[in-house]
Amino acid sequence: MNPYQSIDLSNVINAAGKMTYLGSSAVSPAVAETMARSAQSFVDMASLKDAVCDRIAGLLQAEGACLASCAAAGIAVSVAACLTGNDLDRVESLPEIKGAGREVIVQKGHVVHFGANLTQMIRMTGASVREIGTVNGVRAHHLRGAIGGETAAVLYVVSHHAVSNEMLSLREVVEIAEEYGVPVIVDAAAEVDLSVYYRQGASLVVYSGHKAIGGPTSGLILGRKPLIEACRLQDKGYARAMKIGKENIMGLYAALQEYMSAGAGDAERRLLDVAERLQSEVRRRGLPGVDTRIAWDATRPIPRLQLIAEADCPLTAKALVARLEAHRPSVRTRNHLADSGIIQFDPRELKPEETAVIADILAHIVQAASAAAPAERSEPQ
Ligand SMILES: *Cc1c(COP(=O)(O)O)cnc(C)c1O
């Protein structure tokens, strides 16, 4: 029994992936142990942050690092840093912006909702958002035309939520921004590569500590020295309301060390094993109107099992998702493609032994719907 069940919450089988709304990552036993021991001791917090940030910057070969309570906080802190620089009076004055430079430029196809509206993380600092281009096309002249005396930064989003076609690439954005001396912030919250965006010239790169890295709820900003110092100065202002605790700092650092020493190939093999195991468990149960295939994520090395609800399946994909969620234990899936009749099972947070449990639950739900009525497919879900 997990602790959540002691307050009458359903057990969750997480086939959705690293989702903030499900608690993101289950930390490793070693990380959990580090966190428990860190929570039970005192430490000088400023020295702790210095020590961990220096070590993370060294590990990831960046000029500097800053800790945040999550990636959303990291975005707000990064924007605040671009507004204030190292001026403590400006830091304390936010959301009143002293001096010029109050606009953050974002490509239209990058204006995403990740559970909250990205632009609100910008606007809460006092900055305003300047969207450029259209959702299906941004060109260099849009960016050049928008940059001016009021530009504080350009925010670039790397995510499956963002439009991937016809947007300016990070390299193109960096090249133009550099001409004008404008910093580029990258929101790479859920990405797996902790060096590529920095190497491509981003000024600040923001990650979730609790997604790919597999740590506790936390955020990480990597970047160039002066801006990282400005990020860290926000602890005396905005970031005070978004602080990260000592146990999460140590948990993040421990998870990061594990993440960097794990072989990428091994991780991929393990994910594919789990996805294939789930596929054979589902196939073995011979569900009517259900087909399966393995499909890879568009930008990351993540294989997923796709379950396709065909015309003769007694439930639509959306109705099936709702029943999986309502089941006890609750089975949570990835539902971006549910409108097209596809449910995705993500292996990252699945235990191998949960694959048979999921297949049994699926069989139970589909067979019950089959027996009930063929008319179920038309239910308004
Ligand atoms: C998850 C996510 C965020 C927010 O991350 P948190 O750490 O949960 O605050 C921001 N941007 C993108 C693209 C994300 O995927």
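Whatever comes next refers back to the structure up there.
Small disclaimer: the values here were computed from a predicted structure and weren't measured.

Peer 1: Quick question: what am I supposed to make of the pattern of salt bridges here?
Peer 2: Proximity of charged atoms lets side chains of opposite charge pair with each other. Under the counting rule described, the total for this entry stands at 24 salt bridges. Taking the shortest distance from any N to any O, the salt bridge between K49 and D235 comes out at 2.9 Å. One end of the pair, K49, is in helix 2 (residues 45-59); the other, D235, is in the loop between helix 9 (225-233) and helix 10 (246-261), with 186 residues separating them in the sequence. Using a relative accessible area of 31% as the deciding quantity, one classes D235 as partly exposed. As a salt-bridge pair, D50 and R232 come within 2.6 Å of each other at their nearest N and O atoms. Residue D50 is located in helix 2, and its partner R232 is located in helix 9; the two are separated by 182 residues in the primary sequence. When its relative accessible area of 39% is taken as the criterion, D50 is described as partly exposed. On the basis of relative accessibility, which here comes to 25%, the residue R232 falls in the partly exposed class. Each of D297, R300, R304, R334, D346 and R348 takes part in a single network of salt bridges with overlapping partners.

Peer 1: Looking at this structure, I do not really get the sheet that holds strand 3 (residues 103-107). What am I missing?
Peer 2: Spatial strand order, 2-8-7-6-5-3-4: seven strands in an open sheet with mixed pairing. Edge positions in the sheet fall to strand 2 (64-68) and strand 4 (128-132), since each has one partner strand and no second. Here the strands of the sheet are splayed against their neighbours by 25° on average, with no regard to which way each runs. Two elements, strand 2 and strand 8 (residues 219-223), share five bridges in a ladder whose sense is antiparallel. Paired with C66 across the two strands is I221, which belongs to strand 8.

Cut-offs applied
Residues numbered from 1 in each chain as written. Predicted model: local features only at pLDDT ≥ 70, side-chain atom pairs only at ≥ 80, totals over all residues. Heavy atoms only, no water. Salt bridge = Lys/Arg side-chain N within 4 Å of Asp/Glu carboxyl O. Helix = DSSP H or I, 4+ residues; strand = E, 2+ residues; numbered from the N terminus. Buried < 20%, exposed > 50% of the residue type's maximum accessible area, 1.4 Å probe, protein only. Pairing = 2+ DSSP bridges. Axes fitted to C-alpha atoms, helices over the stretch in contact; angles between N-to-C directions.

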